[in-house]
Amino acid sequence: QAQVEESGGGLVQAGGSLRLSCAASGRTFSSYVMAWFRQAPGKEREFVAGISRSGARTYYADSVKGRFTISRDNAKNTVYLQMNSLKPEDTAIYYCAAAAGSDSVLRPAAGYGYWGQGTQVTVSS
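Everything quoted here is computed from the prediction, not taken from an experiment.

**Brief notes about the sheet that holds strand β7 (residues 68-73)**
Inference 1: Across the sheet, 4 strands lie side by side as β1-β3-β8-β7; this open sheet has antiparallel pairing. Pairing within the sheet leaves two strands with one partner each, and these edge strands are β1 (3-7) and β7. Ignoring which end each strand starts from, the neighbouring axes of this sheet average 15 degrees apart.
Inference 2: Note that strand β3 (residues 18-25) and strand β8 (residues 78-83) share 6 bridges and pair antiparallel.

Now the structure itself:
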């Protein structure tokens, strides 16, 4: 049973940067595929970025490609989401998710069994 907890959200102006962190515990961290999702008011939760167990493979939504970077430090049991060139449309609650089992980085939220409580990111214009 994994426990996942995000931190690092906040308010930032358009064009600014934020870094989100997510710590996971309860099992060997390197056995989890990790991902970030977000959900804006009135919208469905959407995949933002995902990373394989070793960190060798990363995947991004088209809307954030080139602006966001996902990384992980297995020694610190932590995954990060560096967000640059933020836009007002990036405003959402950001969730960290973990998946055990396969090393495939899945985009559907249903592929992840462990979720954090979310952290709010607000980008002002």
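**With respect to the side chain of Glu6**
Inference 1: Along the chain, Glu6 turns up in strand β1.
Inference 2: Reaching out from Glu6, the side chain makes a polar contact with the backbone nitrogen of Cys96 at a distance of 2.8 Å.
Inference 3: Side-chain polar atoms of Glu6 contact the backbone nitrogen of Gln117, separated by 3.2 Å.
Inference 4: Excluding its chain neighbours within four sequence positions, the residues that come into contact with Glu6 are Ser21, Cys22, Trp36, Tyr94, Tyr95, Cys96, Gly116, Gln117, Gly118 and Thr119.

**A short note on the nonpolar core**
Inference 1: Counting 29 residues, the largest nonpolar core has Met34, Trp36, Val79, Leu81, Met83 and Tyr94 as its most contacted members.
Inference 2: Grouped together as the second largest cluster of nonpolar side chains are 8 residues, Val33, Ala35, Ala97 and Val105 included.

**What about the environment of Tyr32?**
Inference 1: Following the sequence through the fold, Tyr32 ends up in strand β4 (residues 32-39).
Inference 2: The contact partners of Tyr32, leaving out residues within four places of it in the chain, are Ala2, Ser25, Gly26, Arg27, Arg53, Arg72, Ala98, Ala99, Ala100 and Tyr114.

Thresholds applied
- Residues numbered from 1 in each chain as written.
- Predicted model: local features only at pLDDT ≥ 70, side-chain atom pairs only at ≥ 80, totals over all residues.
- Heavy atoms only, no water.
- Pairing = 2+ DSSP bridges.
- Helix = DSSP H or I, 4+ residues; strand = E, 2+ residues; numbered from the N terminus.
- Axes fitted to C-alpha atoms, helices over the stretch in contact; angles between N-to-C directions.
- Polar contact = N/O pair within 3.5 Å; in protein donor to acceptor, adjacent residues only side chain to side chain.
- Contact = heavy atoms within 4.5 Å.
- Core = buried A, V, L, I, M, F, W, Y, C linked by side-chain atoms within 4.5 Å.
- Buried < 20%, exposed > 50% of the residue type's maximum accessible area, 1.4 Å probe, protein only.

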